[in-house]
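Geometric and topological summary
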Amino acid sequence: MHAADLVARLARLSQELGERNRQAVEQLQRASQSAPAVLRQAADQAWSGLSSRANESVQQGLQGPLDGLGRHIADSIARMQTATQGLMQAQQRMQSTVRKLHWLVGAVAMVMLLALIAGTAMVRHYRGVIAEHQIQAELMRAYNQADVTLCDGRLCANVERNGKSYQGYVPIKPR
């Protein structure tokens, strides 16, 4: 049952990982779409209180860093998307492995069941053979103790004249 438990845990972890990846991608997309607007809005609010000349100077001074920050955010988003895609591919490989493990566990269980059935059939067969051989062995012991011989192709026996009769049979005289 350990393999089946492991397979079930791997399947759950794979599903949880996929859900987390999907949520992370959605959050990342929302953040990437709203980040430039939020930064521009904050900058616009800050600039509104400055005089037009100071405003132009600040705007020119901030434009380069804001552009750099935008590029940095875009690069970070691209790296995060690449990592998310890698995680999703790993999840797909894990799901494939879990499916293969399900088949493997099923095949092993089937082989074990077939071996059990075959073993049971063999035990039953050999019990009958052993019982038959026991009867033959008892017959051979009795034959070896009896005084019998072949007479013109027929079995002849030296019987006890005063012996007890068993339903028409009389005991053979021992050797």
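None of the values given here were measured: they were computed from a predicted structure. (Residues numbered from 1 in each chain as written. Predicted model: local features only at pLDDT ≥ 70, side-chain atom pairs only at ≥ 80, totals over all residues. Heavy atoms only, no water.)

The next subject is the overall build of the protein. Broken down by element type, the protein carries two helices and two strands. Scanning the protein from its N terminus toward the C terminus, one meets helices and strands in the order α-α-β-β. Relative to its 175 residues, the protein shows a buried fraction of 9%. Here the contacts in the protein between residues at least 6 apart in sequence split such that 56% fall between residues at least 24 apart. Of the accessible surface of the protein, which amounts to about 14,400 Å², a share of 59% is contributed by carbon and sulfur atoms. (Helix = DSSP H or I, 4+ residues; strand = E, 2+ residues; numbered from the N terminus. Buried < 20%, exposed > 50% of the residue type's maximum accessible area, 1.4 Å probe, protein only. Contact = heavy atoms within 4.5 Å. Areas by Shrake-Rupley, 256 points an atom, 1.4 Å probe, with all protein chains shown as cover.)

A word on a nonpolar patch on the surface. Taken together, Met110, Leu113, Leu114, Leu116 and Ile117 make up a surface patch of nonpolar side chains, about 510 Å² in accessible area. Within the fold, Leu116 resides in helix α2 (residues 52-145). (Patch = residues over 30% accessible without salt bridge, like charges linked within 9 Å, V, L, I, M, F, W, Y side chains within 5 Å. Salt bridge = Lys/Arg side-chain N within 4 Å of Asp/Glu carboxyl O.)

As a further point, take the pairing of strand β2 (residues 154-157). Sheet topology places strand β1 (residues 148-151) next to β2; four bridges connect them, and they run antiparallel. For Thr149, the partnering residue across the bridge sits in β2 and is Cys156. As consecutive antiparallel partners, β1 and β2 are separated by two residues, and within that stretch Asp152 has a phi angle of approximately 50°, a positive value. (Pairing = 2+ DSSP bridges.)

Right, let's get into unusual backbone geometry. Positive phi is not limited to glycine here, since Asp152 has a value of about 50°. With respect to the helices and strands, the residue Asp152 is situated in the loop between β1 and β2. The exposure class of Asp152 is exposed, given its relative accessible area of 84%.

You can see Gln91 is positioned in helix α2. For Gln91, a relative accessible area of 12% translates into the label buried. With residues near it in sequence (within four places) discarded, Gln91 still touches Ser14, Gln15, Leu17, Gly18 and Asn21.

Per-residue confidence for the protein gives a mean pLDDT of 81, with 86% of residues at or over 70. Averaged pLDDT values over the elements of the protein bottom out at 76 in helix α1 (residues 2-48) and peak at 87 in α2. (pLDDT = per-residue confidence, 0-100.)

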